[in-house]
Amino acid sequence: MSSVLYDAQGPSAKRRNILYTVLFVLAAAAVVWWVYDGLASKNQLDWIKWKPFFTSTQPWTTFIWPGLQNTLKAAFFALIIALPLGALFGIGRLSDHRWMRGPSGVVVEFFRSIPVLILMIAANEVYSEYTNISTESRPLYAVVTGLVLYNASVLAEIVRAGILSLPQGQTDAAKAIGMRKGQTMVFVLLPQAVTAMLPAIVSQIVVIVKDTALGGWVLTFPELLASVRPMSANYGANTIACFTIVAVIYLAVNFSLTSFASWLEQRLRRAKKSTGAVVGTGPGGELETIGAPSLHSDDGRAV
């Protein structure tokens, strides 16, 4: 039986696929056994190395929780600064004015082409030479600065691509009712582009959370991954256990972000399908929201 996308497999193809599946399972099992045997031979799977994380709160309160707090703090500050900057530069690249479009493009392309680690190191040196920021606070400032410069440039491209993905008819309709370019961007294009941009923005937020680890290993910023060194030294060189616990925490944080973003995207899409509100002009020419007729009975129940 054939499908629109593919032809049904014959007897030879089915036998071949079964053989490939068996070979893949055997190869995967061999790799798992090789990893397990290597860890076991070096005593990395001994209970004594994993015991502190399950029988005591000290590693969590002394090392992991402070590191996680610093990771989330740096990511939060970088995000709230990079998002508006990215939107500003992204809209700037779409401007009809060359004096705005040109510099915006130069800034975005420049900082997007430089590794974020170099931006962090450069920011740290600038703060060291030309500011009075304390040595304890300087790594946080450098990490946030590097993350902002790089991610604002990436977010600018996300915003620009999201706006350009909208049909040209949206802009034409806004012009037809007398809306200026700025009003069209704020009231028509950006609200619709948010849903399209949301998955890419969340992916970039995950990148921000993970890139804070660069500051920990190079600038001695006490973030989550940097807590592995003192934690492993304090609990008998249990490096594998420490890295595993930290990796699970990163997975939990980033999975929570992506899950929330998926929920928010679905909610926004449902809201757009159900709403009947449009933007129009009032008697005096001002912009106003015109709601759809209410579909409720006199007692408040939906019709």
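Structure shown above.
Quick summary incoming for the structure in this document. (Residues numbered from 1 in each chain as written. Predicted model: local features only at pLDDT ≥ 70, side-chain atom pairs only at ≥ 80, totals over all residues. Heavy atoms only, no water.)

With that settled, consider the environment of Val228. Mapped onto the elements, Val228 comes out in helix H9 (residues 228-234). The buried category is assigned to Val228, whose relative accessible area is 3%. For Val228 and Ala241, which are 13 residues apart along the polypeptide, the C-alpha to C-alpha distance reads 9.4 Å. Setting aside residues up to four positions removed in sequence, Val228 forms contacts with Cys242, Phe243 and Val246. (Helix = DSSP H or I, 4+ residues; strand = E, 2+ residues; numbered from the N terminus. Buried < 20%, exposed > 50% of the residue type's maximum accessible area, 1.4 Å probe, protein only. Contact = heavy atoms within 4.5 Å.)

A word on unusual backbone geometry. Of note, Asn43 is a non-glycine position whose phi angle comes to about 60°, a positive value. When you line up the elements, Asn43 lands in the loop between helix H1 (11-41) and helix H2 (47-55). Looking at Asn43, the relative accessible area reads 41%, which means it is partly exposed. Even without being glycine, Thr220 reaches a positive phi, approximately 55°. Within the secondary structure layout, Thr220 lies in the loop between helix H8 (181-218) and H9. You can call Thr220 exposed: its relative accessible area is 63%.

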